[in-house]
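Residue-level listing of the chains:
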Amino acid sequence: MADKQISLPAKLINGGIAGLIGVTCVFPIDLAKTRLQNQQNGSRLYTSMSDCLIKTIQSEGYFGMYRGAAVNLTLVTPEKAIKLAANDFFRQHLSKDGQKVSLLREILAGCGAGTCQVIITTPMEMLKIQLQDAGRIEAQRKLMSQAAVRVPGGPVELRSHTAMQLTRELLRSQGIAGLYKGQGATLLRDVPFSIIYFPLFANLNSLGGCGADGPAPFYVSFASGCIAGSTAAVAVNPVDVIKTRIQTMTRGSQEDTYGGVTDCIRKILRQEGPSAFLKGAYCRALVIAPLFGIAQVVYFLGVGEFLLSFLPQQNN
């Protein structure tokens with residue numbers, strides 16, 4: 001299935017639909033992950049994923065769990081489309097006369113896919129994190145009876161709570177670089193993720209193939225996507241913690257600020273210990289597993305090709 005010949009437009013549609021379905025299903029867990037990862041010693045509001053979600057509903061209502069979802073739903077289509085289509089593109093160009101792709105070439109294809117997706121992933125995550133973490137900051141401010149929060153890196157206060165307002169504020173104060181803050185950390189997360197995920201999925205999926213050349217059943221593709229996704233997610237979680245901390249612009253008054261990846265690692269180790277790099281790991285696994293399982297099922301079902309079949313065909 002991973003090497004099935006699919007046109008580029010169909011790949012883009014498949015990736016986009018898979019992303020929309022997956023994000024809608026698991027976004028509350030992703031919100032809990034962000035808030036848990038941003039908690040620092042001395043400012044803990046949540047003890048677990050369930051505690052975070054319960055307190056979010058109590059203080060912000062049911063739709064509070066979907067803060068930042070609009071950003072993800074808008075940008076996840078190009079992001080997932082680029083990731084899945086780029087991997088297939090690199091695999092096809094690295095294969096030799098249709099033969100099975102070697103592990104090294106699978107890793108190179110995954111590396112290329114992870115690098116390409118960062119174009120969309122970095123600004124998407126930058127905006128999403130601000131919106132997701134706003135409720136935690138508000139709750140902390142209420143508890144500590146403070147009227148303002150400290151914003152590292154400049155005097156700008158991001159008081160707005162919509163993606164467009166945040167985007168305008170960042171562009172006005174920092175230019176396009178403001179939307180790409182943490183791009184290095186995003187690369188350090190997404191490239192290793194793709195290097196782990198795509199070869200692992202391809203090999204797990206091949207175990208359930210029907211015959212020498214037949215595709216695996218859809219449930220095998222789903223299970224393979226879930227296993228490979230959760231494995232890769234947990235493996236790169238320490239970098240995801242670093243990325244989340246660096247990209248968070250509004251912090252509580254007692255929380256550290258970070259000058260880069262190295263500074264972030266040093267401060268986390270000194271203040272919170274190595275276990276802090278595992279914060280939100282199980283949430284991230286719960287988010288990524290169905291997200292990529294659904295993605296592979298959409299690919300298997302050929303939704304993109306089906307939709308394209310309704311378009312008028314041009315005569316050459």
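Since the model is a prediction, treat every value here as computed from it, not as a measurement.

### Thoughts on the overall build of the protein chain
For step 1, the next point in the chain: Tallying secondary structure elements over the protein chain gives 12 helices and 0 strands in all.
For step 2, the next point in the chain: Along the chain direction, N to C, the helices and strands of the protein chain fall in the order α-α-α-α-α-α-α-α-α-α-α-α.
For step 3, the next point in the chain: Per-residue burial for the protein chain yields a buried fraction of 51% across its 316 residues.
For step 4, the next point in the chain: For the protein chain, the proportion of contacts with a sequence separation of at least 24, taken over those separated by at least 6, is 81%.
For step 5, the next point in the chain: For the protein chain, the exposed area adds up to about 14,300 Å²; of that, 65% sits on carbon and sulfur atoms.

### Describing the UniProt feature "transmembrane region" (unreviewed entry) in the protein chain
For step 1, the next point in the chain: Residues annotated in UniProt with the feature "transmembrane region" (unreviewed entry) correspond here to residues 12-32 and 285-311.
For step 2, the next point in the chain: The annotated region residues 12-32 carries 100% helix and 0% strand content, and the separation between its end C-alpha atoms amounts to 29 Å.

### Quick look at the nonpolar core
For step 1, the next point in the chain: The biggest cluster of nonpolar side chains holds 35 residues, and the ones touching the most others in it are A32, M49, F193, Y197, C283, I288 and F292.
For step 2, the next point in the chain: When residues of this core are traced back to their parent elements, those giving at least two are α1 (8-38), α2 (49-60), α3 (69-94), α7 (183-206), α8 (218-235) and α11 (281-301).
For step 3, the next point in the chain: The element that contributes the greatest number of residues to this core is α11, accounting for 9 residues.
For step 4, the next point in the chain: Apart from the residues within four sequence positions on either side, C283 is in contact with I29, A32, K33, L36 and M49.

### Some thoughts on a nonpolar patch on the surface
For step 1, the next point in the chain: A cluster of nonpolar side chains, contributed by I57, Y62 and F63, occupies part of the molecular surface with about 360 Å² of accessible area.
For step 2, the next point in the chain: By the secondary structure assignment, Y62 is in the loop between α2 and α3.

### Re the environment of L127
For step 1, the next point in the chain: Residue placement: L127 occurs in helix α4 (residues 103-144).
For step 2, the next point in the chain: By relative accessible area, L127 is classed as buried at 7%.
For step 3, the next point in the chain: Remark: the alpha-carbon pair of L127 and L179, spanning 52 residues in sequence, is separated by 7.7 Å.
For step 4, the next point in the chain: Setting aside its immediate chain neighbours within four residues, L127 contacts V71, A163, L166, T167, L170 and L179.

### Remarks on the pattern of salt bridges
For step 1, the next point in the chain: Scanning the model with the defined rule gives 20 salt bridges in all.
For step 2, the next point in the chain: Among the ionic pairs, R67 bridges to E60, the shortest N-O distance being 3.1 Å.
For step 3, the next point in the chain: Note that D240 and R284 form a salt bridge whose closest N and O atoms lie 4.0 Å from each other. On the criterion of sequence distance, the pair formed by D240 in helix α9 (residues 237-247) and R284 in helix α11 is long-range, its members being 44 residues apart. Of the two residues, D240 and R284, neither departs from the other in class, the shared state being buried.
For step 4, the next point in the chain: If you follow the salt bridges from partner to partner, you end up with D30, K33, E125, K128, R189, D190, D240, K243 and R284 in one network.

### Some details on the state of the cysteines
For step 1, the next point in the chain: By the definition in use, this model includes 0 disulfides.
For step 2, the next point in the chain: Free cysteine C111: the closest other cysteine sulfur is in C116, separated by 9.5 Å.

### Some points on the packing of aromatic side chains
For step 1, the next point in the chain: Going through the model one piece at a time under the given rule, you end up with 10 aromatic pairs.
For step 2, the next point in the chain: Ring geometry for F27 against Y66: centres 6.1 Å apart, planes inclined by 15°, an arrangement best described as stacked. Taken together, the positions of F27 in helix α1 and Y66 in the loop between α2 and α3 put the pair 39 residues apart, joining distant regions of the chain.
For step 3, the next point in the chain: Centroid distance Y197 to F292: 4.6 Å. Interplanar angle 50°. Geometry classified as tilted. Taken together, the positions of Y197 in helix α7 and F292 in helix α11 put the pair 95 residues apart, joining distant regions of the chain.
For step 4, the next point in the chain: Judged by its relative accessible area of 2%, F292 is buried.
For step 5, the next point in the chain: One aromatic cluster is present, built from ring pairs that chain together F193, Y197, F198, F201 and F292.

Reading the values: rules and limits
- Residues numbered from 1 in each chain as written.
- Predicted model: local features only at pLDDT ≥ 70, side-chain atom pairs only at ≥ 80, totals over all residues.
- Heavy atoms only, no water.
- Helix = DSSP H or I, 4+ residues; strand = E, 2+ residues; numbered from the N terminus.
- Buried < 20%, exposed > 50% of the residue type's maximum accessible area, 1.4 Å probe, protein only.
- Contact = heavy atoms within 4.5 Å.
- Areas by Shrake-Rupley, 256 points an atom, 1.4 Å probe, with all protein chains shown as cover.
- UniProt positions renumbered as here; feature names shortened; annotations may be inferred.
- Core = buried A, V, L, I, M, F, W, Y, C linked by side-chain atoms within 4.5 Å.
- Patch = residues over 30% accessible without salt bridge, like charges linked within 9 Å, V, L, I, M, F, W, Y side chains within 5 Å.
- Salt bridge = Lys/Arg side-chain N within 4 Å of Asp/Glu carboxyl O.
- Disulfide = S-S within 2.5 Å.
- Phe/Tyr/Trp six-rings, centres within 6.5 Å; stacked < 30°, edge-to-face > 60°.

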